[in-house]
Amino acid sequence: ANIGIKASPEELGLGCSNTWVMPCSEQNGFDLFDGIRDYFARPLEVDAIPMMITFPSIKDRACKAGEKGRTTCQVLTLSGQGWFDKWESENGKHPQGGEYDTLKSR
């Protein structure tokens, strides 16, 4: 997901780093691999989705000279092959309020 935030990195208290969310917990004995296997088996039921959160505009020197008071954020996560094949024929034009939107909101 790409997210535009109407605030500067300073206002948000952000530094130049990435945040990794790993599916390790007491429940799985802090085993990263078990956490990822669990995520692929039950993606909408896990406590922690493996992801990386990054702020590209903070790292881009050209952006610092550009529009002030804005920050870009990217959230990257894993996806199983075939999870979205069902909607491939819609070419990114999903009906509002349809099954895809409902799944996406979860």
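Being a predicted model, the structure only gives us computed values, none of them experimental. (Residues numbered from 1 in each chain as written. Predicted model: local features only at pLDDT ≥ 70, side-chain atom pairs only at ≥ 80, totals over all residues. Heavy atoms only, no water.)

> What exactly am I supposed to notice about the packing of aromatic side chains here?
Centre-to-centre distance and the angle between the planes together describe a pair of aromatic rings. Across all of its chains, the model carries three aromatic pairs by this definition. Aromatic pair Tyr39 and Phe40: ring centres 5.3 Å apart, planes at 65°, arrangement edge-to-face. Given a relative accessible area of 4%, Tyr39 falls into the buried group. With centroids separated by 5.6 Å and ring planes inclined at 70°, the aromatic side chains of Tyr39 and Trp83 adopt a geometry described as edge-to-face. Taken together, the residues span a long stretch of sequence, with Tyr39 in helix α2 (residues 32-41) and Trp83 in the loop between β4 (71-77) and α5 (99-105) at a distance of 44 residues. One aromatic cluster is present, built from ring pairs that chain together Tyr39, Phe40 and Trp83. (Phe/Tyr/Trp six-rings, centres within 6.5 Å; stacked < 30°, edge-to-face > 60°. Buried < 20%, exposed > 50% of the residue type's maximum accessible area, 1.4 Å probe, protein only. Helix = DSSP H or I, 4+ residues; strand = E, 2+ residues; numbered from the N terminus.)

> How should I be thinking about the pattern of salt bridges in this particular structure?
When their charged atoms lie close together, side chains carrying opposite charge are able to pair. In this structure the tally under the stated criterion is four salt bridges. The residue Arg42 makes a salt bridge to Asp38 at a minimum N-O spacing of 2.7 Å. According to the relative accessible area criterion, Asp38 is partly exposed, its value standing at 29%. A salt bridge links Arg42 to Glu45, with the shortest nitrogen-to-oxygen separation between them at 3.3 Å. (Salt bridge = Lys/Arg side-chain N within 4 Å of Asp/Glu carboxyl O.)

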